[in-house]
Amino acid sequence: MTVITNIEDLRVLAQKRVPRMFYDYADSGSWTEGSYRANEADFQKIKLRQRVAVNMENRSTRTTLVGQSAAMPLAIAPTGLTGMQHADGEILAARAARKFGIPFTLSTMSICSIEDVAQHAGEGFWFQLYVMKDRAFIERLIDRAKAANCGALVLTLDLQIIGQRHKDLKNGLTAPPRLTLPNIINIASKPRWALGMLGTKRRQFGNIVGHVQGVTDMANLGAWTSQQFDPSLNWGDVEWIKKRWGGKLILKGIQDVEDARLAMQTGADALIVSNHGGRQLDGAQSSIEALPAIVDAVGGQIEVHMDGGVRSGQDVLKARALGARGCYIGRAMLYGLGALGEQGVSKALEIIHKELDLTMAFCGHTNIESVDKSILLPGSYPTA
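Residues numbered from 1 in each chain as written. Predicted model: local features only at pLDDT ≥ 70, side-chain atom pairs only at ≥ 80, totals over all residues. Heavy atoms only, no water.

Caption draft 1: Spatial organisation of the environment of Gln-50. Mapped onto the elements of the fold, Gln-50 is located in the loop between α3 (34-45) and β1 (63-65). With relative accessibility at 64%, the residue Gln-50 sits in the exposed group. (Helix = DSSP H or I, 4+ residues; strand = E, 2+ residues; numbered from the N terminus. Buried < 20%, exposed > 50% of the residue type's maximum accessible area, 1.4 Å probe, protein only.)

Written out as structure tokens, the structure reads:
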């Protein structure tokens, strides 16, 4: 593949270069994968209005997300096991995001640690928090994020229990991964990936191993994590985390209007309309379908972001028109990373930015801040 023109080109290349168990981990949903597919498909139903004879000079996609400047209304979503798509993956993705001028969000379940990313990619990135039963560990995580000067804490609310993802079970993706004969053969067919992994020391969950008593390697990590996600997580915990953190707080995983109102009452700075990329509740609304009702319900009292199915600049523009302050990309970033490392993440951002810039102009706007529902064809988009 000599010319990469869209995110799909990066996906195809990543599928060739990343071992099946790790590619499938990123590119899959729960159960029937209906919500996973709907996230992307529902964007395609929304139609844009082309305008002509409009001065298209001096265009700007620059905006702010929770008060922080961004080159476009986009951030990189937290994704677990990013460092298994490509060696040192979190560091490379954070570097690409910093160079482009958008936020990067590091997952609790990252391969590279908070400190590692801060040292090699720079401070100020955002940190995503999963709530574990071990609250002392959570307190230490928050303190470590503070020490790295993370710009925002993204609290994920929709993974108290883990949805079943059939591909992971069939591929033996556990902690540590099961090195079955098919997996060994498949890894052997990915020499670029294998050489990269051999050349790095970062091959385990860096935020956890060595930071929890008794968890010293991948072997005993699996038993710890399988028991640690806290099904009792509630809004009172959000208040506690907000107080402990003290900085910008973003609540991820909001799909319901009532939950949006409750999120607003916590005093958080933003919420993310998200169904976890279709990886949790299969049969849930797509994120873009759920977005307008949530925007209407909170009435501008809290910043609304969204993720799920964003594969192009046109998707970003459509979400912005429906009231999202910004969007997040997870899989689109992972495709770029798996395909070409840091260069691939940069390429993904360049593709999305160019699509956003040109489409905005074709719709008669030169500044992202002026975009609203008027750019959409009536009747083609979901309403509150």
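The structure having been displayed, the exposition proceeds.
Caption draft 2: Here's a closer look at the pairing of strand β6 (residues 153-156). Taking every second residue as pointing to the same face, both faces of β6 are buried, with Leu-153 and Leu-155 on one and Val-154 and Thr-156 on the other. As judged from the three bridges shared by strand β5 (residues 126-129) and β6, these two strands associate in the parallel manner. Each bridged residue has a counterpart across the sheet, and for Gln-128 the counterpart in β6 is Val-154. In the classification by handedness, the crossover that spans β5, the intervening helix α6 (residues 135-147) and the parallel β6 is right-handed. (Pairing = 2+ DSSP bridges. Right-handed = clockwise from strand over helix to strand, strands pointing away.)

Caption draft 3: Molecular detail of unusual backbone geometry. For Trp-31, which is not glycine, the phi dihedral falls at a positive 45 degrees. Within the fold, Trp-31 resides in the loop between α2 (20-26) and α3. Even without a glycine there, the phi angle at Glu-33 is positive, about 65 degrees. Residue placement: Glu-33 occurs in the loop between α2 and α3. Classification of Glu-33 by relative accessible area gives buried; the value is 14%.

Caption draft 4: Representation of the nonpolar core within the structure. Core analysis: the biggest nonpolar cluster contains 116 residues, and Leu-271 and Met-306 have the highest contact counts within it. Element by element, the count of residues in this core is highest for helix α16 (residues 342-362), at seven residues. (Core = buried A, V, L, I, M, F, W, Y, C linked by side-chain atoms within 4.5 Å.)

Caption draft 5: Seen up close, the sheet that holds strand β7 (residues 249-254). Taken in spatial order, the eight strands make up an open sheet running β3-β10-β9-β8-β7-β6-β5-β4, and their pairing is parallel. The outermost strands of the open sheet, each flanked by one partner alone, are β3 (74-76) and β4 (105-106). Note that β7 and strand β8 (residues 270-273) share four bridges and pair parallel. Bridged to Lys-252 within β8 is Ile-272.

Read these as layout, nothing more, since geometry by itself doesn't imply function.
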